[in-house]
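# Analysis of the macromolecular model
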Amino acid sequence: MLQRVHENKFVNIGLSEESRVILLSPKSFENHGAEVREELMAFRAFGASVVWLDILFSVTTGTAPSQWIETFFSSDPDCHIQLQDIMGCQNWVMVQIGRITKLYSEKMQAAKLKPFDSCTELVQTAQEIEKDIQHGLAQGALSSMDCADHAYALVARTSSRVVPITCIYAHTALIYLHLVIHGFTELRQISDFVSRVTTHLRCVLLSELRPTLVMPIYICGSVAEESDRDFFREVLSTPPLMDPALPHRARVLQGLEEIWIQRQIRPVCTWEDCLALISDILLH
Amino acid sequence: MHFLDSVCELQLPLYNPDIMYGGRGWILSMLLHTKPLYHAVLAMSTYHRRMVMVPRGTPEWQAEDVRRQEEHVAICLDLVHQAANGPCSNDSTRFGVAACILQLLFVDVRIPSFLTYFLLHPPVAEYSC
């Protein structure tokens, strides 16, 4: 529906002409009337929710994100849909996670004909994604951000929690990329990223943000060593993540336990093996 | 108001729009102008309150909440079905109904009946003209 809406230039969905014009261009609207502001705020929140859910769904099912997403959602700072407004992560990271899910989907199709290492294009795409994520981390000075820094404490206490959340998701994306390509082998290559995400998650200042971090908790938890697993068990079985009105979150810890068992049983455990266990999980 | 006070935060964890853009006032406006969304939100709110109050509510009270929740769900689905099968040109509530469907997706995770409904009614799930 959203793709048809965009192709038809937002007509016939109940938006005013003024709102329609603003949506077709990167214009601000704080000086417009209340009706226009309300319409555009609704569209932004609605669009961001749909994009977020679509990407989460892609991660747990191993499918590419819906194609229409690219018409609304990009790393462009003027993009009307900004995921950081609802869940704290900047668009550029979620765009990369979307690319990784697409890479996985293409890898599985190509695997029917030849191994991943022989698919030059896919290997190149994987390298580009990693380079783009590292570039994004370096640009935002996020890669060196440490929980113990005074500056970090200041950021975590301010109304903008975007910096630490984006940092966590960016490192999670690097872990996820590794899992998609190598499965649960050669985990030493990502030990730094895992350590960084785990340290951020352990930071008391960020514990109230955990409801937005279900996906990083799951991805990072899946590669956790035995010594760290009790921490993930605690995070996923206590508030703020556990809420009586959100019973679906109990399934997330169950999924992790199943993955940990699989890693012990199988000498070579792949991401595909995990997807069979988590396709009914909602990482929200 | 329960939805705005408690449930909205669960669905959109960090959503706190600037007062310059009118804050979250648009949510109230949309609820008041879109009947199916209004009922979907009431169903969600009733469910949330019931789950939170489980340790303290009596069985009769909880049974009444279940009844109300299912009533709102039934009204909502009926209205969405009417909207999906009605004339689609110049329908000023289309966006509101789309938002309702999204709310139902959130509710779906918690109330299995929605999944069953969408599996049995593909035209509603596609919401196409």
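This write-up is about the structure you can find in this document. (Residues numbered from 1 in each chain as written. Chains lettered and ligands numbered in written order. Predicted model: local features only at pLDDT ≥ 70, side-chain atom pairs only at ≥ 80, totals over all residues. Heavy atoms only, no water.)

### So, the overall build of chain B
A tally of regular secondary structure across chain B gives seven helices and zero strands. For chain B, the N- to C-terminal ordering of α and β elements is α-α-α-α-α-α-α. Looking at the 129 residues of chain B, the share that counts as buried comes to 47%. In chain B, the proportion of contacts linking residues at least 24 apart, taken out of those at least 6 apart, comes to 66%. (Helix = DSSP H or I, 4+ residues; strand = E, 2+ residues; numbered from the N terminus. Buried < 20%, exposed > 50% of the residue type's maximum accessible area, 1.4 Å probe, protein only. Contact = heavy atoms within 4.5 Å.)

### What about helix 4 (residues 59-85) of chain B?
In an α-helix, one turn spans 3.6 residues, which is why side chains three or four residues apart end up on the same side. Taking 1.5 Å per residue as the helical rise, helix 4 of chain B with its 27 residues ought to reach 39 Å, and the 39 Å between its terminal C-alpha atoms agrees with that figure. If you check which residues of helix 4 of chain B are buried, you get D65, Q69, H72, V73, C76, L77, V80 and A84 of chain B. (Expected span 1.5 Å × (residues − 1).)

### Here's the deal with empty space enclosed by the protein
This model, assessed by the stated rule, comprises one cavity of 30 Å³ or more. There is about 250 Å³ of room inside the largest cavity. For the largest cavity, the lining is made up of 18 residues, of which F3, Q11, W26, A99 and Q103 of chain B are closest to its centre. Going through the elements one at a time, helix 3 (34-61) of chain A together with helix 1 (2-11), helix 2 (25-33), helix 3 (35-53) and helix 5 (94-108) of chain B are the ones with two or more residues in the lining of the largest cavity. Across the lining of the largest cavity, the residue classes tally to 15 nonpolar, three polar and no charged. (1 Å grid on protein atoms, 1.4 Å probe; cavity = no way out; pocket = protein on both sides within 12 Å on 5 of 7 lines; lining within 4 Å. Points joined across faces, edges and corners; volume = space filled by probe spheres on them. Nonpolar A, V, L, I, M, F, W, Y, C, P; charged D, E, K, R; others polar.)

### Describing the pattern of salt bridges
In the structure shown here, the tally under the stated rule is twelve salt bridges over all chains. The closest approach of N and O atoms between R161 of chain A and E208 of chain A, which form a salt bridge, is 2.9 Å. With R161 of chain A in the loop between helix 8 (150-157) and helix 9 (162-182) and E208 of chain A in the loop between helix 10 (191-202) and helix 11 (214-222), this pair connects stretches of sequence that are 47 residues apart. Two residues, R251 of chain A and E258 of chain A, come together in a salt bridge whose shortest N-O distance is 3.7 Å. Among the residues examined, R251 of chain A registers a relative accessible area of 18% and is labelled buried. The structure contains a network of salt bridges with shared partners spanning E64, R67, R68 and E71 of chain B. (Salt bridge = Lys/Arg side-chain N within 4 Å of Asp/Glu carboxyl O.)

### A word on the layout of surface pockets
Quantified by volume, the second largest pocket comes out at close to 750 Å³. What lines the second largest pocket is a set of 34 residues, among which D85 of chain A together with P13, L14, Y15 and N16 of chain B lie closest to the centre. Every element with two or more residues in the lining of the second largest pocket is listed here: helix 3 and helix 5 (84-87) of chain A together with helix 1 of chain B. A total of four residues in the lining of the second largest pocket trace back to one element, the largest contributor, which is helix 3 of chain A. For the lining of the second largest pocket, a count of residues per class yields 16 nonpolar, ten polar and eight charged.

### Brief notes about the nonpolar core
Residues and elements named next belong to chain A. Judged by nonpolar contacts, the single largest core of 116 residues is most densely connected at M94, I97, Y169, I175 and W271. With 15 residues, helix 3 is the single largest residue contributor to this core. With residues near it in sequence (within four places) discarded, M94 still touches W52, I55, F73, L83, M87, C89 and Y169. (Core = buried A, V, L, I, M, F, W, Y, C linked by side-chain atoms within 4.5 Å.)

### Quick notes on the packing of helix 10 of chain A against helix 12 (residues 226-237) of chain A
Residues and elements named next belong to chain A. Axis separation between helix 10 and helix 12 bottoms out at 12 Å; the angle between their running directions is 40 degrees. The angle between helix 10 and helix 12 falls in the class oblique. For helix 10 against helix 12, the interelement crossing comes out left-handed. Between helix 10 and helix 12, the contacting residues are T198, L201 and R202 on the first element and D228, F231 and F232 on the second. In the contact of helix 10 with helix 12, the residues fall into three nonpolar, one polar and two charged. (Axes fitted to C-alpha atoms, helices over the stretch in contact; angles between N-to-C directions. Parallel < 35°, antiparallel > 145°, perpendicular 65-115°, else oblique. Left-handed = near helix turned anticlockwise from the far one by under 90°.)

### Some words on a nonpolar patch on the surface
Residue and element names in this part refer to chain B. Among the surface-exposed residues, M1, L28 and L32 lie close enough to one another that they form a single nonpolar patch of about 350 Å² accessible area. Mapped onto the secondary structure, L28 falls in helix 2. What makes L28 partly exposed here is its relative accessible area of 39%. (Patch = residues over 30% accessible without salt bridge, like charges linked within 9 Å, V, L, I, M, F, W, Y side chains within 5 Å. Areas by Shrake-Rupley, 256 points an atom, 1.4 Å probe, with all protein chains shown as cover.)

### Re the packing of aromatic side chains
Scanning the model with the defined rule gives three aromatic pairs over all chains in all. Seen in terms of ring centroids, Y15 of chain B and W26 of chain B are 6.3 Å apart; in terms of plane orientation they differ by 80 degrees. Their pairing is edge-to-face. Of the two residues, Y15 of chain B sits in the loop between helix 1 and helix 2 while W26 of chain B sits in helix 2, which places them eleven residues apart along the sequence. W26 of chain B shares its class with Y15 of chain B; the two are buried. Sitting above the plane of the F231 of chain A ring, R202 of chain A keeps its charged end 4.4 Å from the centroid. (Phe/Tyr/Trp six-rings, centres within 6.5 Å; stacked < 30°, edge-to-face > 60°. Lys NZ or Arg CZ within 6 Å of the ring centre and 35° of its normal.)

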